[in-house]
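# Structural description and commentary
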Amino acid sequence: MKSGFVAVVGRANAGKSTLINVLVGEKVAIVSPKPQTTRDRILGVLTTNDYQIAFVDTPGIYKADNLLNSVMQKTTADASQDVDLILFTMDAHEGISDTDKKLLLKYSKSKIPTVLVLTKTDIMPESLLIAELKELASEGLEVVPVSARKNKNIKELIKVILSKLPEGEKLFSEDIVSDRSVKFMVSEIMREKILLKFDKEIPHGVAIIINKFFLRDNQTTYEVNLDIICEKPNHKAILIGKGGKAIKEVSSFARQDMEKLLGKKVFLTTYIKVKEDWRNSAGLMKEYGYSQENP
């Protein structure tokens, strides 16, 4: 059977996490329209009788402006080293920039086989798509245009991936779809809802810390107690909202998705705490799970 690791890399907001979720057939990574949504290396595993593909989701590539972002960029660089194939994702519906070309050249010239995946083609004019496919193909790269949202050309992409992977044994047992714990996914659901609810800087300065996570004795309800860490007192006020409306709303949305994940009721308790400039504190980052030594 075919098996191997496939790193999915690209600029911030290129649609990497959405693509992996569709490829795997399960939600293994949170998704939002904002850059910096993915902070960690997350594995999504697709298993059939004939092959097993371990997709490595990575933080988006962009210029780091704080210590957390620097760690995230190192995570992406490290994740793209020890793999069998790189999928370089590019959202080109507004045109291919010079930055896109430079990054693409960097990966295509590496020792690891690279396939260019053109994402979000469902929102691209056909004339632009054809022109960009011609331009990219002229560089000698294999290009696969897809729309994860519309499930367009996903089967073709899998065929291309399999053509690049070696024969081998299964890397994981058949029931594994991610290397991340359920507890981690619960914290990510909370962060995802904050990303979707709030604008601009606030979501990017938020970390989620799980204090309690256990199944009650009745075996029907999970107890989830967590801290939402933000960077400024005014951010805390916005997260809480007038009369606590904002935090109640975002917690309600998060609880619904947690219940879908866990298959049981969830009793969710949230606290909001301020840790100023935590994204530039090595100590706090390590405490919150963003270690420089082991990102």
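Scroll up a little and you will see the structure.
Residues numbered from 1 in each chain as written. Predicted model: local features only at pLDDT ≥ 70, side-chain atom pairs only at ≥ 80, totals over all residues. Heavy atoms only, no water.

Counted by the stated rule, this structure contains five aromatic pairs. Ring centres of F213 and Y222 lie 5.2 Å apart, and the angle between their planes is 15°; this geometry places the pair in the stacked category. Residue classification places F213 among the partly exposed positions, given a relative accessible area of 24%. Geometrically, the ring pair formed by W278 and Y288 is edge-to-face, given 5.5 Å between the ring centres and 75° between the ring planes. Separated by ten residues along the polypeptide, W278 in the loop between β9 (265-274) and α10 (282-287) and Y288 in the segment after α10 bring together distant segments of the chain. The class of W278 is buried, set by a relative accessible area of 0%. Joined through ring pairs, the aromatic side chains of W278, Y288 and Y290 make up one cluster. Sitting over the ring of F184, R180 keeps its end group 4.4 Å from the ring centre. (Phe/Tyr/Trp six-rings, centres within 6.5 Å; stacked < 30°, edge-to-face > 60°. Buried < 20%, exposed > 50% of the residue type's maximum accessible area, 1.4 Å probe, protein only. Helix = DSSP H or I, 4+ residues; strand = E, 2+ residues; numbered from the N terminus. Lys NZ or Arg CZ within 6 Å of the ring centre and 35° of its normal.)

Time to look at the sheet that holds strand β7 (residues 207-215). In spatial order, the strands read β7-β8-β9; together these three strands make up an open sheet with mixed pairing. Single-partner strands in this sheet number two, and they are β7 and β9. Within the sheet, the average angular offset between the axes of one strand and its neighbour, ignoring direction, is 15°. Summarising the sheet, strand β8 (residues 221-230) and β9 pair through ten bridges and their orientation is parallel. From the neighbouring strand, E223 faces β9, where its bridge partner is F267. In this fold helix α9 (residues 245-262) packs onto β7, β8 and β9, with an angle of close to 135° to the strand it touches most, β9. (Pairing = 2+ DSSP bridges. Axes fitted to C-alpha atoms, helices over the stretch in contact; angles between N-to-C directions. Contact = heavy atoms within 4.5 Å.)

Moving on, we get to the environment of I210. Relative to the helices and strands, I210 is located in strand β7. The exposure class assigned to I210 is buried, which follows from its relative accessible area of 14%. C-alpha of I210 to C-alpha of D227: the two residues are 17 residues apart in sequence and 6.5 Å apart in space. When residues no more than four places from it in sequence are discounted, the contact partners of I210 are K183, V186, S187, V224, N225 and L226.

Using the criterion set out here, one finds 14 salt bridges in the structure. One salt bridge in this structure joins E142 and K164, with 2.9 Å as the shortest N-O distance. With E142 in the loop between α4 (126-137) and β6 (143-145) and K164 in helix α5 (residues 154-164), this pair connects stretches of sequence that are 22 residues apart. Residue classification places K164 among the partly exposed residues on the basis of a relative accessible area of 33%. Of the charged contacts in the structure, one is a salt bridge between D257 and K193, with a shortest N-O distance of 2.8 Å. Of the two residues, D257 is situated in helix α9 and K193 in helix α6 (residues 182-197); the sequence distance between them amounts to 64 residues. (Salt bridge = Lys/Arg side-chain N within 4 Å of Asp/Glu carboxyl O.)

Below, the discussion takes up the sheet that holds strand β5 (residues 114-119). Here six strands make up an open sheet; going across it, the order is β2-β3-β1-β4-β5-β6 and the pairing mixed. Taken across any chain shown, the strands that pair with only one partner, and hence form the sheet edges, are β2 (42-47) and β6. With strand direction ignored, the average angle separating the axes of adjacent strands in the sheet is 25°. The pairing of β5 with β6 spans three bridges and is classified as parallel. For L118, the partnering residue across the bridge sits in β6 and is P145. On the sheet, helix α3 (residues 98-108) packs against β1 (2-10), β4 (85-91) and β5 and is oriented at approximately 170° with respect to β4.

Most of strand β3 (residues 51-57) is tucked away: seven of the seven residues are buried. Residues Y51, I53, F55 and D57 point to one face of β3 and Q52, A54 and V56 to the other, with burial holding for every one of them. Relative to β3, β2 runs antiparallel, the two being bridged by six bridges. From the neighbouring strand, G44 faces β3, where its bridge partner is F55. Between β2 and β3, which pair antiparallel one after the other, the connecting turn spans three residues.

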